[in-house]
Every structure is written in C-alpha cells, then in structure tokens.
Amino acid sequence: MDKRVKKGLEFGMGLAYITAGAMKDAADMLEKKGKISHKEGEKMVRATIKQYQAQSVKYAKDVQVQINSLMKKAPSFASKKEIAELNAKIDKVIKQVSKASKQKK
C-alpha cells in the first residue's frame, strides 16, 4: 500500500481521537472562566463525542469499502496483510474513541 495513503489515514484517525480530549479540556476551561456551567460543558462534550463516534464508524466503514474496491481494481495496490493491518488499526481507534467517551462522562 502506498505509505503516504496509509500514514494519511492513520494521521486522520489519530487527530480525531485527540480532538475528543481537547474538547473536554476546552469545556473545562470555559467552565472555570464562568462562561458555561458544568452541566452545559458535559452536555457539549457528550454531544460532540457522540457525533464523532457515529461519524468515525461511518468513516472507518467507508475507508474499508474504498480500500477493498481498490484491491479489486488494482491487486498490486496493497497486500491482504496490509489491508488486515489497516482494518485492525481502524477498529482500534474506534474502540479507543468509545473508551474515551465513557471515561469523560
């Protein structure tokens, strides 16, 4: 598989995971400044994480479909092993996002 494509996908998934933590930090800061209540901050973070979870699952499935489609069109594009490794990484990120959302409630 093209290393740039693989790294781009990994970067995008990692960035999305980090965003969930940054969102929580931003809500905490707004709460400390008195701009929002604790309840509003929690609600905002939960809503964002819930939306991200739905999008990340859809995104992961879309990526898998596109990769599988490319494999059928150009078998030399990536090996089955590389596809399996990438699918495992996508699943891992989805699990990490789910775990993070449960911890931040």
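Predicted model only: the values in this text are computed from it and were never measured.

A. Geometry of the overall build of the protein. On a plain count of helices and strands, the protein comes out with 3 helices and 0 strands. Walking the protein from its N terminus toward its C terminus, one meets helices and strands in the order α-α-α. Sequence separation of 24 or more characterises 67% of the internal contacts of the protein that already satisfy a separation of 6 or more. About 7,500 Å² of surface is accessible on the protein, with carbon and sulfur atoms providing 59% of the total.

B. Structural detail: the nonpolar core. Counting 6 residues, the largest nonpolar core is built from A60, V63, I67, I83, L86 and I90. Of all elements in the fold, only α2 (38-73) and α3 (80-103) reach the threshold of two or more residues within this core. Setting aside anything within four residues of it in sequence, one finds A60 in contact with I90 and I94.

C. Structural context of the confidence of the model for the protein. With 78% of its residues at a pLDDT of at least 70, the protein reaches an overall mean of 76. Looking at the elements of the protein, mean pLDDT is at its lowest for helix α1 (residues 3-32), recorded as 76, and at its highest for α3, recorded as 79.

D. Molecular detail of empty space enclosed by the protein. This model, assessed by the stated rule, comprises 2 cavities of 30 Å³ or more. Taken as a whole, the largest cavity spans an internal volume of roughly 50 Å³. K24, A27, D28, E31, H38, G41, E42 and V45 together form the lining of the largest cavity. Contributing elements (two or more residues each) for the lining of the largest cavity: α1 and α2. Of the residues contributing to the lining of the largest cavity, the split by class is 2 nonpolar, 2 polar and 4 charged.

E. Main features of the pattern of salt bridges. Under the criterion given, the structure shown has 2 salt bridges. In this structure, the salt-bridge partner of K24 is D28, at a minimum N-O distance of 2.9 Å. Here K24 and its partner D28 are both found in helix α1, 4 residues apart, which amounts to about one turn of the helix. Take D28: its relative accessible area is 26%, and that puts it in the partly exposed class. Linking R46 and E42 is a salt bridge whose minimum nitrogen-to-oxygen distance equals 3.1 Å. With R46 and E42 both in helix α2 and 4 residues apart, the pair spans about one turn of that helix. Judged by relative accessible area, which is 25%, E42 ranks as partly exposed.

F. Summary view of the environment of S37. Among the secondary structure elements, S37 is positioned in the loop between α1 and α2. Owing to a relative accessible area of 33%, S37 belongs among the partly exposed residues under this scheme. Each C-alpha atom of the pair S37 and A27 lies 9.2 Å from the other, and the pair is 10 residues apart in sequence.

Cut-offs applied
Residues numbered from 1 in each chain as written. Predicted model: local features only at pLDDT ≥ 70, side-chain atom pairs only at ≥ 80, totals over all residues. Heavy atoms only, no water. Helix = DSSP H or I, 4+ residues; strand = E, 2+ residues; numbered from the N terminus. Contact = heavy atoms within 4.5 Å. Areas by Shrake-Rupley, 256 points an atom, 1.4 Å probe, with all protein chains shown as cover. Core = buried A, V, L, I, M, F, W, Y, C linked by side-chain atoms within 4.5 Å. Buried < 20%, exposed > 50% of the residue type's maximum accessible area, 1.4 Å probe, protein only. pLDDT = per-residue confidence, 0-100. 1 Å grid on protein atoms, 1.4 Å probe; cavity = no way out; pocket = protein on both sides within 12 Å on 5 of 7 lines; lining within 4 Å. Points joined across faces, edges and corners; volume = space filled by probe spheres on them. Nonpolar A, V, L, I, M, F, W, Y, C, P; charged D, E, K, R; others polar. Salt bridge = Lys/Arg side-chain N within 4 Å of Asp/Glu carboxyl O.

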